[in-house]
Amino acid sequence: MELTVLMPCLNEARTVAKCVEAARNFLRAAGVHGEVLVADNGSTDGSQALAEAAGARVVPVSERGYGAALIGGISEARGRYVIMGDADDSYDFSRLQAFVAKLREGADLVMGNRFRGGIEQGAMPFLHRYLGNPVLSFVGRLFFRTNIGDFHCGLRGFSRAAIQKLGLLTPGMEFASEMVAKAALAGLRIEEVPTTLRPDGRGRPPHLRTWRDGWRHLRFMFLFCPRWLFLYPGLALLLAGGGAMLAGLTSAGATHLGIHSMLYAGAAVILGVQMLAFALLTKWLAVLAGMVAEPKWMERGSPLFSIENGLLSGLALFLAGLVWSLAITLDWGRAGFGALNPLETMRSVIPAVTLIAIGSEVAMGSLFAGALLSSWRSRRAP
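Residues numbered from 1 in each chain as written. Predicted model: local features only at pLDDT ≥ 70, side-chain atom pairs only at ≥ 80, totals over all residues. Heavy atoms only, no water.

## Comments concerning the overall build of the protein
Consideration 1: Scanning the protein from terminus to terminus reveals 14 helices and seven strands.
Consideration 2: Relative to a compact globule of 382 residues, whose C-alpha radius of gyration would be 21 Å, the protein shows 28 Å and is clearly more extended.
Consideration 3: Across its three principal directions, the C-alpha atoms of the protein cover 95 × 50 × 40 Å.
Consideration 4: Here the contacts in the protein between residues at least 6 apart in sequence split such that 77% fall between residues at least 24 apart.
Consideration 5: Just so you have it, the protein exposes about 19100 Å², and 62% of that area is on carbon and sulfur atoms.
Consideration 6: Counting 37 positive and 29 negative side-chain charges, the protein places the centres of these two groups 2 Å from one another. (Helix = DSSP H or I, 4+ residues; strand = E, 2+ residues; numbered from the N terminus. Rg over C-alpha atoms; globule rule 2.2 N^0.38 Å. Contact = heavy atoms within 4.5 Å. Areas by Shrake-Rupley, 256 points an atom, 1.4 Å probe, with all protein chains shown as cover. Lys, Arg positive; Asp, Glu negative; His and termini not counted. Charge placed at Lys NZ, Arg CZ, Asp CG, Glu CD.)

Printed below as a string of structure tokens:
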């Protein structure tokens, strides 16, 4: 079988039969050997019977959520290709030729673009059209280095085999982001075709919640791409703080950097190191969980990223700060333990304490990584 037209469904009694009929008409008119599959997510309004009467095959998916319904439907699909779309009549299932053509040409994922195809009056709320979708699509393009113009279009087609290899697992609305993000990171061929969006015919409020689901999409993209959440900000803080601290230690006279500036520089270094540790741990945890493939730099550098090396590095930084602190104390003793001039002593105390702090962070981060690894191994053990 060449094509499965997949529709997730939750209480779509007013529209599901119309959508199924439109998809079946397309299959007949285009001469495509296919099926219409409805992944029902627990409807209580009789949607299942209406879909079956219209000619669809219905499979129940017990886990609730947009993503869960689609994951269940994809696993049950019989077609080589799958075209998915909401069963609320907002998409025209009788016009899928462009998707099929792109898939036959070798595309792994074909995204609809509502902004190129046209959005009818009342089909998309103002905030979604001019804020939510453009912002989230921009973030997606930036984070995952893809040129997709409409990151969250619900009408899309794909090679079932290629998408199943991605290990999609998010059960909620963020599934839409996960599919594109993982496809882009895996180097799949992604194409776009214009798609028209029209007002849905469900006659009730949509399942989508603007701020909640928008945040879930954004949260997923940040956590899935920790370089923008932790790595780049952490590097910026570390370089800026380290440079300022070095300037404070080497400057003199009129260019003397004050201790207050050095204190903020120390805080920047500590926070920067912490964010870099979070970047590595987040990426590593995603690899262990199977959410992303292990990047080549992590595979090549795995001997360097051992828990033992992390502990030794943290201990070395901690001891460097401790020795520096002891040297400051000895100098104070030679001066008779008298009153200190904070404007001078703090210039050495701040970097010494910073070394102790970041050494502790590196060591504790390594121990935490060890705990994660032990937990992961215990779950995999028979």
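## Structural notes on the packing of aromatic side chains
Consideration 1: Inspection of every chain in the model, using the stated rule, returns six aromatic pairs.
Consideration 2: Considering the side-chain rings of F143 and F144, the 6.3 Å spacing of their centres and the 70° angle between planes classify their relative orientation as edge-to-face. Here the two residues F143 and F144 agree in accessibility, since each one is buried.
Consideration 3: Each ring, one from F230 and one from F278, has its centre 5.6 Å from the other, and the planes form 45°; the classification is tilted. Taken as a pair, F230 in helix α10 (residues 226-250) and F278 in helix α11 (residues 259-288) lie far apart in primary sequence, 48 residues in all.
Consideration 4: Here a set of aromatic residues connected by ring pairs shows up, and it is made of F143, F144, F151, W228 and Y232. (Phe/Tyr/Trp six-rings, centres within 6.5 Å; stacked < 30°, edge-to-face > 60°. Buried < 20%, exposed > 50% of the residue type's maximum accessible area, 1.4 Å probe, protein only.)

## Focus on the pattern of salt bridges
Consideration 1: As enumerated under the stated definition, the model contains nine salt bridges in all.
Consideration 2: Here R57 and E35 are joined by a salt bridge, their closest N and O atoms 3.0 Å apart. In this pair, R57 is assigned in strand β3 (residues 57-60) and E35 in strand β2 (residues 34-40), connecting sequence segments 22 residues apart.
Consideration 3: Across the pair E191 and R189 runs a salt bridge, and its minimum N-O distance is 3.0 Å.
Consideration 4: If you follow the salt bridges from partner to partner, you end up with K18, D89 and R198 in one network. (Salt bridge = Lys/Arg side-chain N within 4 Å of Asp/Glu carboxyl O.)

## A word on the nonpolar core
Consideration 1: Ranked by internal contacts, the top residues of the largest apolar core, which has 37 residues, are L3, M7, V20, V38 and F93.
Consideration 2: Elements with a contribution of two residues or more to this core: β1 (3-9), α1 (16-30), β2, β4 (81-84) and α4 (97-104).
Consideration 3: Ranked by residue count, the leading element in this core is α1, at eight residues.
Consideration 4: Ignoring anything within four residues of it in the chain, the contact list for V38 reads M7, C9, V16, V20, A51, A56, R57, V58 and V59. (Core = buried A, V, L, I, M, F, W, Y, C linked by side-chain atoms within 4.5 Å.)

## Concerning α1
Consideration 1: If you check α1, its first and last C-alpha atoms are 21 Å apart, about what 15 residues at 1.5 Å a residue would give, namely 21 Å.
Consideration 2: The complete set of buried residues in α1 reads V16, A17, C19, V20, A22, A23, F26 and L27.
Consideration 3: Buried residues in α1 make contact with β1, β2, α2 (47-53) and α4.
Consideration 4: G31 sits one or two residues past α1 and shows a positive phi near 70°. (Expected span 1.5 Å × (residues − 1).)

## Describing helix α8 (residues 175-185)
Consideration 1: The element α8 is extensively covered by neighbouring structure, given that nine of its eleven residues are classed as buried.
Consideration 2: Listed as buried for α8 are F175, A176, S177, E178, M179, V180, A181, K182 and A183.
Consideration 3: Within two residues after α8, G187 carries a phi angle of roughly 75°, on the positive side.

## Thoughts on the sheet that holds strand β7 (residues 190-194)
Consideration 1: Strand order across the open sheet formed by seven strands is β3-β2-β1-β4-β6-β5-β7, with mixed pairing between neighbours. Edge strands, defined here as strands with exactly one partner in the open sheet, are β3 and β7. In this sheet, neighbouring strand axes are inclined to one another by 25° on average, regardless of whether the strands run parallel or antiparallel.
Consideration 2: Here β2 pairs with β3 via four bridges, running parallel. In the sheet register, D40 faces β3, and the bridge partner there is P60.
Consideration 3: Where α1 meets the sheet, its contacts fall on β1 and β2, and the angle it forms with β2 comes to roughly 160°. (Pairing = 2+ DSSP bridges. Axes fitted to C-alpha atoms, helices over the stretch in contact; angles between N-to-C directions.)

## Details of the side chain of E192
Consideration 1: Relative to the helices and strands, E192 is located in strand β7.
Consideration 2: A distance of 2.9 Å separates the side chain of E192 from the backbone nitrogen of G149, its partner in a polar contact.
Consideration 3: A polar atom in the side chain of E192 sits 3.2 Å from the backbone nitrogen of D150. (Polar contact = N/O pair within 3.5 Å; in protein donor to acceptor, adjacent residues only side chain to side chain.)

## Side note on unusual backbone geometry
Consideration 1: With a phi close to 55°, N11 is a non-glycine residue in the positive phi region.
Consideration 2: Structurally, N11 can be placed in the loop between β1 and α1.

## Brief notes about the pairing of β2
Consideration 1: Burial runs high along β2: six of the seven residues are buried.
Consideration 2: Inspection of the sheet shows β1 paired to β2 by seven bridges, in the parallel sense. Bridge assignment links V5 to a residue of β2, and that residue is V36.
Consideration 3: Once the chain exits β1 it traverses α1 before rejoining the sheet at β2, and the crossover so formed is right-handed. (Right-handed = clockwise from strand over helix to strand, strands pointing away.)

Everything listed here is a matter of coordinates, which is why it stays silent on function.
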